[in-house]
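Understanding the architecture of this molecule
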Amino acid sequence: MYEPLRDIELDRDAAKRKLAFYTAWMLDPLVFGEYPPEMRQYPGNELPRFTSEESKLLTQSLDFMGINHFSTLYAKDCVPSPCSADGDQAIEGFTGMNRFFIVPKGMEKIIEYVKERYNDMPMFVTENGYSSLRKQNEQEEDLLHDAKRIEFHKAYLAALARAIRNGADVRGYFVWSLMDNFEWVKGYNTRFGLYYVDRKTLRQTPKLSARCYAKFLTNSEDTNPASFKTKDGILNRLKTRQIAEM
């Protein structure tokens, strides 16, 4: 998700362009059969156009939207004056991944954006997770007691619940990830998992977040430090949709 760095029209337009280039670029063709109009403003004719036959094949060619959401960044207009090489700027809370910042309200806003732009097409949050900050001499016990991950999911699920209460057709939510895995160029140094993986023995041990999330999914009693106060709203909404579609 992107927010304007300054409360001025130029930065508000920059945030809209960012969303167009990072989200609508892929989804607009599959819903409307054409690239986003926001993208035409600068590339112009360099951006290819679909033939009428291609557009017809693409339009409304998907059954649901899959949203991977990890962070929210500020966007600043760079047309009249150049921006720094880094471009986007962080809003708040840090994780163990560059550019992945803890901004729970961004979950609600990206869901609302997709809902409004694509006429409330069914959505699944296909990835959302927390990478713990790396510390020197970190022990297994420290990794298993992942209170920050619990706080992260509690806050993001609360934001998702607000979007659902506001009418978004969200059908499911998937934590990234089940267990510590191989994270692209970050390799084994980054840990998103609810399960700790010993890199030498491949032994898998549930972290505190795994136990809390299991209680959330089964509507069981709460576990400190995470109460997941929004669990009833999310579970009931998803269950209602499942029953209605049977």
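Just so it is clear, the model here is predicted, and its values are computed rather than measured.

**Re the packing of aromatic side chains**
On inspection of all chains with the given rule, the structure shows 12 aromatic pairs. Taking 5.0 Å as the distance between ring centres and 70° as the angle between the ring planes, the aromatic pair formed by Phe64 and Phe124 counts as edge-to-face. Of this pair, Phe64 sits in the loop between helix H3 (52-58) and strand E2 (65-68) while Phe124 sits in strand E5 (residues 123-128), and the two are 60 residues apart along the sequence. When its relative accessible area of 42% is taken as the criterion, Phe64 is described as partly exposed. Measuring from ring centre to ring centre gives 5.8 Å for Phe70 and Phe192, while their planes differ by 75°; the resulting arrangement is edge-to-face. Of this pair, Phe70 sits in the loop between E2 and strand E3 (73-75) while Phe192 is found in the loop between strand E6 (170-175) and strand E7 (195-197), placing the two residues 122 residues apart along the sequence.

**Remarks on helix H1 (residues 9-32)**
With 24 residues, H1 should reach 34 Å at 1.5 Å per residue; the first-to-last C-alpha distance of 27 Å falls well below that figure. In the structure, H1 departs most strongly from a straight axis at Ala24, where the bend amounts to approximately 65°. Taken together, the buried positions of H1 are occupied by Asp11, Ala14, Ala15, Arg17, Leu19, Ala20, Thr23, Ala24, Leu27, Asp28, Pro29 and Val31. Those residues of H1 that are buried are in contact with strand E1 (2-4), helix H2 (37-40), H3, E2, E3 and helix H4 (105-117). Downstream of H1 by one or two residues, Gly33 has phi in the positive range, about 75°.

**Some remarks on the packing of helix H6 (residues 147-165) against helix H7 (residues 208-217)**
Where H6 meets H7, the axes come as close as 9 Å, and the angle between the chain directions of the two elements is 30°. Classified by the angle between their axes, H6 and H7 sit roughly parallel to one another. Along the contact surface, H6 presents Arg149, Ile150 and Leu157, while H7 presents Leu208, Ser209, Cys212, Tyr213 and Phe216. Classifying every residue of the contact of H6 with H7 gives 6 nonpolar, 1 polar and 1 charged.

**Quick notes on the sheet that holds E2**
In spatial order, the strands read E2-E5-E6; together these 3 strands make up an open sheet with parallel pairing. Looking at the sheet topology across the chains shown, the edges are occupied by E2 and E6. Neighbour-to-neighbour, the strand axes of the sheet open up by a mean angle of 15°, direction not taken into account. Bridge analysis of E2 against E5 gives 4 bridges, and the strand direction is parallel. Bridged to Gly66 within E5 is Phe124. Across the sheet, H4 lies against E2, E5 and E6, angled at about 145° from E5, the strand it touches most.

**Quick notes on the packing of H1 against H4**
Here H1 crosses H4 at 35°, and the two axes come no closer than 11 Å. Regarding H1 and H4, the two cross each other, and that crossing is right-handed. Where H1 approaches H4, its residues Leu19, Ala20, Thr23, Ala24, Asp28 and Phe32 are matched on the opposing element by Ile110, Tyr113 and Arg117. Counted by class, the contact of H1 with H4 contains 6 nonpolar, 1 polar and 2 charged residues.

**Considering the layout of surface pockets**
In this model, the largest pocket occupies a volume close to 690 Å³. Along the walls of the largest pocket sit 25 residues, with Met1, Tyr22, Asn68, His69 and Phe70 positioned nearest its centre. For the lining of the largest pocket, the secondary structure elements donating two or more residues are H1, E2 and H4. By residue number, the principal contributor to the lining of the largest pocket is H1, which donates 5 residues. Here the residues of the lining of the largest pocket sort into 16 nonpolar, 6 polar and 3 charged.

**A look at the nonpolar core**
With 44 residues, the main nonpolar core has Met65, Met107, Ile111, Met123, Leu160 and Tyr173 as its most contacted residues. At the level of elements, H1, E2, E3, H4, E5, H6, E6 and H7 are the ones that each hand at least two residues to this core.

**Considering the side chain of Asp28**
By the secondary structure assignment, Asp28 is in helix H1. Taking relative accessible area as the criterion, Asp28 reaches 3% and is therefore assigned buried. For Asp28, the residues in contact, after removing those within four places along its chain, are Gly33, Glu34, Tyr35, Pro36, Pro37, Arg117 and Tyr118.

**Some words on the pattern of salt bridges**
One pass over the full model with this rule turns up 18 salt bridges. For the salt bridge of Arg149 with Asp146, the shortest nitrogen-to-oxygen distance reads 2.8 Å. The partner of Arg191 in a salt bridge is Asp180, with the nearest N and O atoms 2.7 Å apart. Taken together, the residues span a long stretch of sequence, with Arg191 in the loop between E6 and E7 and Asp180 in the loop between E6 and E7 at a distance of 11 residues. We classify Arg191 as buried; its relative accessible area is 13%.

Calculation criteria
- Residues numbered from 1 in each chain as written.
- Predicted model: local features only at pLDDT ≥ 70, side-chain atom pairs only at ≥ 80, totals over all residues.
- Heavy atoms only, no water.
- Phe/Tyr/Trp six-rings, centres within 6.5 Å; stacked < 30°, edge-to-face > 60°.
- Helix = DSSP H or I, 4+ residues; strand = E, 2+ residues; numbered from the N terminus.
- Buried < 20%, exposed > 50% of the residue type's maximum accessible area, 1.4 Å probe, protein only.
- Expected span 1.5 Å × (residues − 1).
- Bend = angle between axes of the 7 residues up to and from the residue.
- Contact = heavy atoms within 4.5 Å.
- Axes fitted to C-alpha atoms, helices over the stretch in contact; angles between N-to-C directions.
- Parallel < 35°, antiparallel > 145°, perpendicular 65-115°, else oblique.
- Nonpolar A, V, L, I, M, F, W, Y, C, P; charged D, E, K, R; others polar.
- Pairing = 2+ DSSP bridges.
- Left-handed = near helix turned anticlockwise from the far one by under 90°.
- 1 Å grid on protein atoms, 1.4 Å probe; cavity = no way out; pocket = protein on both sides within 12 Å on 5 of 7 lines; lining within 4 Å.
- Points joined across faces, edges and corners; volume = space filled by probe spheres on them.
- Core = buried A, V, L, I, M, F, W, Y, C linked by side-chain atoms within 4.5 Å.
- Salt bridge = Lys/Arg side-chain N within 4 Å of Asp/Glu carboxyl O.

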